[in-house]
Amino acid sequence: MAMTGSRVGQIYNALRMAAMLLALLQSSAEAFAIGNDRGNARICHPLAQSAQLEDALAEGGIQSLPSGDGISIGSYRHKDFELTYLYKEAAPGREGDRPIILIHPVGIGLSSWFWEKLMESYSEDNPPIYAPDLIGCGLDHGADAWDPEEKGLFFPLSWVEGVETLINEIVIPKWEGTRPLLPLSRFLGDRADRSGEGGCLVIAQGGLAPVGIVLAERNPLQVRSLMLTSPPSYEDVTTPVPEGELRRNYDFLRSAVIGGLAFAALESRGVIEFFSNLFLFRDVCDKRWLDETLRESRYPEARTPVQAFNAGLLQHRSFERELRELTQPVLIVSGDSDKRVEGRQSYGTELKNCKLVTIEGCNVMPWENPDEVVELVKGLGF
């Protein structure tokens, strides 16, 4: 029997509530604090950090992924965290070209592996490509877990700062190493004249759009262009979630017994496949998607950034000011089966220099349609 759109919506809401009620929470008796630091939500909450990661990080440096395809795992130090990133060397002749920085989505089992298909698809003529693991993510790559009991984070600032460290301490020095006779100013260019040879393309996926937006606004010289794939609607990005709602959401998602049981259910292969097919993919997810998701989600500590993100901490304030002040060109990319396309039209009218495009796909185009995304990247001059 065919179902109407409203019926599907009712089923979705029921499943969503069931998942929330069965799952993502820990006791509200435990400490939770939201403060403010330059307009960034701050969160502190108990969570045991995995001691097993220390051995995984002992060697440091760069190691190749088992899949081969020229993608390796690197690590770097940011404040008190050992962070990791995926790296694809530039094709011969493009070593000194402008790099690409990829900001992964946050969700159950997600980390920088989300970008592997795009990195593989951009071959033979690719510039340097970096996909950092945000703080608390990439545990399977050897990154430190985030323990909110020991270290508070500000959202989205702390995630932005982690990427800034990568750019300043890894990306730019590597670029300088390929062009030793050129000054750093050739990478940074000029704020008023965007014709310089340097500056990165930043691509942020889905609900991590605020990280890309703030990163670009804070670094107008280091970030040359910004692409947002499947971002929230303009209204969602510019409408803050009330603090009381954030507190309730986070306490709910961190509930001890119920939350643990719920996460265990949501991290099962069948449930991941069901929700991926229902909301993320135009057709159906592939085996590799499920394998990668399960690999990262086997770490209990990987739940912490998911809880913070799903509680709405990236939407604790409006990002309208940053959007309006962006000097870089912005490209908004939507999938042709994504029902939220209409809600993104305001990006095109409210930003100084913004274009909107639609390609085949739903909500994870860099994974389900990497070739077309790569063509868009090339169209931006990267």
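In short, a report on the structure.

The rules behind these values
Residues numbered from 1 in each chain as written. Predicted model: local features only at pLDDT ≥ 70, side-chain atom pairs only at ≥ 80, totals over all residues. Heavy atoms only, no water. Helix = DSSP H or I, 4+ residues; strand = E, 2+ residues; numbered from the N terminus. Buried < 20%, exposed > 50% of the residue type's maximum accessible area, 1.4 Å probe, protein only. Contact = heavy atoms within 4.5 Å. Areas by Shrake-Rupley, 256 points an atom, 1.4 Å probe, with all protein chains shown as cover. Phe/Tyr/Trp six-rings, centres within 6.5 Å; stacked < 30°, edge-to-face > 60°. Lys NZ or Arg CZ within 6 Å of the ring centre and 35° of its normal. Axes fitted to C-alpha atoms, helices over the stretch in contact; angles between N-to-C directions. Parallel < 35°, antiparallel > 145°, perpendicular 65-115°, else oblique. Left-handed = near helix turned anticlockwise from the far one by under 90°. Pairing = 2+ DSSP bridges.

### Some remarks on the overall build of the protein chain
Move 1: A count of helices and strands for the protein chain gives 16 helices and 11 strands.
Move 2: Counting across all 382 residues of the protein chain, residues that qualify as buried make up 54%.
Move 3: Contacts spanning at least 24 positions in sequence make up 77% of the contacts within the protein chain whose residues lie at least 6 apart.
Move 4: Accessible surface, the protein chain: about 16,100 Å² in total, of which carbon and sulfur atoms supply 51%.

### Thoughts on the packing of aromatic side chains
Move 1: Inspection of the entire model under this criterion finds 14 aromatic pairs.
Move 2: Site record: aromatic cluster; members linked through ring pairs are Trp113, Phe114, Trp115, Phe281, Trp289 and Trp367.
Move 3: Lying over the aromatic face of Phe382, Arg98 brings its terminal NZ or CZ to 4.8 Å of the ring centre.
Move 4: We note Lys151 situated over the ring of Phe81; from NZ or CZ to the ring centre the distance is 5.1 Å.

### Here's the deal with the packing of helix α10 (residues 269-280) against helix α11 (residues 287-297)
Describing two packed helices takes the angle between their axes plus the distance from one axis to the other.
Move 1: Where α10 contacts α11, the axes come no closer than 10 Å and their chain directions differ by 125°. Judged by the angle between their axes, α10 and α11 are oblique. Crossing of α10 over α11 shows right-handed handedness. Counting all contacts with α10, which are made through Arg269, Ile272, Glu273, Ser276 and Leu280, the residues of α11 involved are Lys287, Trp289, Leu290, Asp291, Thr293 and Leu294.

### Describing helix α12 (residues 303-310)
An α-helical segment advances 3.6 residues per turn. Residues three or four places apart therefore align on the same side.
Move 1: With 7 of 8 residues buried, α12 is to be regarded as a mostly interior element.
Move 2: Taken together, the buried positions of α12 are Arg303, Thr304, Pro305, Val306, Gln307, Ala308 and Phe309.
Move 3: Looking one or two residues past α12, Gly312 carries a phi angle of roughly 100°, positive in sign.

### Some words on the pairing of strand β3 (residues 71-78)
Move 1: Burial runs high along β3: 7 of the 8 residues are buried.
Move 2: The pairing of β3 with strand β4 (residues 81-88) spans 8 bridges and is antiparallel. Paired with Tyr76 across the two strands is Leu83, which belongs to β4.
Move 3: Adjacent in sequence and paired antiparallel, β3 and β4 are bridged by 2 residues, among which Lys79 carries a positive phi angle near 55°.

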